[in-house]
Amino acid sequence: KYFSKAVELNDKDAIAKFYLAYEYKETGDKEKAISLYNEVININPDYSWAYYNLASIYAESGNEMNAILYLDKTIKTNPSDLNAIKMIVKLYSKFKKYATAEKILRQAMHDMPEEADIYYMLAQLYKQLQNNINYVKYLKMTVSKKLTFSGDIEIVENEIKTAEANKKWELI
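So, here's what we can say about the structure. (Residues numbered from 1 in each chain as written. Predicted model: local features only at pLDDT ≥ 70, side-chain atom pairs only at ≥ 80, totals over all residues. Heavy atoms only, no water.)

Along its 14 residues, helix α7 (residues 98–111) runs 20 Å from first to last C-alpha, staying within 8% of the 20 Å computed at 1.5 Å per residue. Among the residues of α7, those classed as buried are Tyr98, Ala101, Ile104, Leu105, Ala108 and Met109. Buried residues of α7 fall within an arc of 140° about the axis and therefore sit on the same side. Exposed residues lying more than 90 degrees from the buried face of α7 are Ala99, Lys103 and His110. For α7, the elements touching its buried residues are α6 (82–94), α8 (116–128) and α9 (132–144). (Helix = DSSP H or I, 4+ residues; strand = E, 2+ residues; numbered from the N terminus. Expected span 1.5 Å × (residues − 1). Buried < 20%, exposed > 50% of the residue type's maximum accessible area, 1.4 Å probe, protein only. Arc of directions from axis to C-beta. Contact = heavy atoms within 4.5 Å.)

Take a nonpolar patch on the surface next. A cluster of nonpolar side chains, contributed by Ile15, Tyr19, Tyr22 and Trp49, occupies part of the molecular surface with about 410 Å² of accessible area. Broken down by element, the nonpolar patch gets its largest block of residues, three residues, from helix α2 (residues 14–26). Mapping isoleucine 15 onto the fold places it in helix α2. (Patch = residues over 30% accessible without salt bridge, like charges linked within 9 Å, V, L, I, M, F, W, Y side chains within 5 Å. Areas by Shrake-Rupley, 256 points an atom, 1.4 Å probe, with all protein chains shown as cover. Salt bridge = Lys/Arg side-chain N within 4 Å of Asp/Glu carboxyl O.)

Counting residues in each nonpolar core, the largest one holds 56 residues, and the members touching the most others are Tyr37, Leu71, Ile85, Ile88, Leu105 and Ile118. Residues contacting isoleucine 118, with those up to four places away along its chain left out, are Leu82, Leu105, Ala108, Met109 and Met112. (Core = buried A, V, L, I, M, F, W, Y, C linked by side-chain atoms within 4.5 Å.)

So, about the side chain of aspartate 81. Locating aspartate 81 in the fold gives a position in the loop between α5 (64–77) and α6. Lacking a salt bridge, the buried aspartate 81 has lysine 86 as its closest oppositely charged neighbour, with an N-O distance of 9.3 Å. Separated by 3.2 Å, the side chain of aspartate 81 and the backbone nitrogen of asparagine 83 make a polar contact. Apart from the residues within four sequence positions on either side, aspartate 81 is in contact with Tyr52 and Thr74. (Lys, Arg positive; Asp, Glu negative; His and termini not counted. Polar contact = N/O pair within 3.5 Å; in protein donor to acceptor, adjacent residues only side chain to side chain.)

Looking now at the packing of aromatic side chains. All told, the structure shown has nine aromatic pairs when counted by the stated rule. A ring pair is formed by phenylalanine 18 and tyrosine 19, whose centres lie 5.1 Å apart and whose planes are at 85°; its orientation type is edge-to-face. On the accessibility criterion, phenylalanine 18 (4% relative accessible area) is buried. Here tyrosine 19 falls in the partly exposed class, since its relative accessible area comes to 33%. On the numbers, 5.0 Å between centres and 20° between planes, the contact of phenylalanine 18 with tyrosine 47 is stacked. Taken together, the positions of phenylalanine 18 in helix α2 and tyrosine 47 in the loop between α3 (30–43) and α4 (48–60) put the pair 29 residues apart, joining distant regions of the chain. (Phe/Tyr/Trp six-rings, centres within 6.5 Å; stacked < 30°, edge-to-face > 60°.)

So, on to the packing of α5 against α6. Between α5 and α6, whose axes approach to 9 Å, the crossing angle comes to 140°. Judged by the angle between their axes, α5 and α6 are oblique. Between α5 and α6 the crossing geometry is left-handed. Each of Glu64, Ala67, Ile68, Leu71, Asp72, Thr74 and Ile75 in α5 lies in contact with α6, whose residues at this interface are Ala84, Ile85, Met87, Ile88, Leu91, Tyr92 and Lys94. Across the contact of α5 with α6, the residue classes break down as 10 nonpolar, one polar and three charged. (Axes fitted to C-alpha atoms, helices over the stretch in contact; angles between N-to-C directions. Parallel < 35°, antiparallel > 145°, perpendicular 65-115°, else oblique. Left-handed = near helix turned anticlockwise from the far one by under 90°. Nonpolar A, V, L, I, M, F, W, Y, C, P; charged D, E, K, R; others polar.)

Here it is in structure tokens:
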């Protein structure tokens, strides 16, 4: 009710509209949330969280193409949004658009060279492509930057051991 009152008092308050949209999203009124997030973007076109939340709504609703559209806008306004990068790479991989996913990850690697999650995502992409040399290379880079890794580093170390134990891929 407080966010509604804030919007009522100032229709140009992008922050109040953003949080009101978030509340609508959380209570299941996705159409109202979408409408408010679009109003936020009209007020402030650089509000990357509004783009990301729109992408989340569309992804949850199965409208993955709109999700990709808004994730792209999220990354353009905030190239360091790791959650957006993770989601868009996952969606592009689902559609087997590996070159696009790789391009996004390489740009993210350039923008955030110490972010281990990017190297891990790149390793997993190469695993899908059965490029085991790059798979192992980027797993090792993940371990070298383990302080910023959000997952379990022991799992990564075990992936490296398993991949290196299977020397068949070196012949490819």
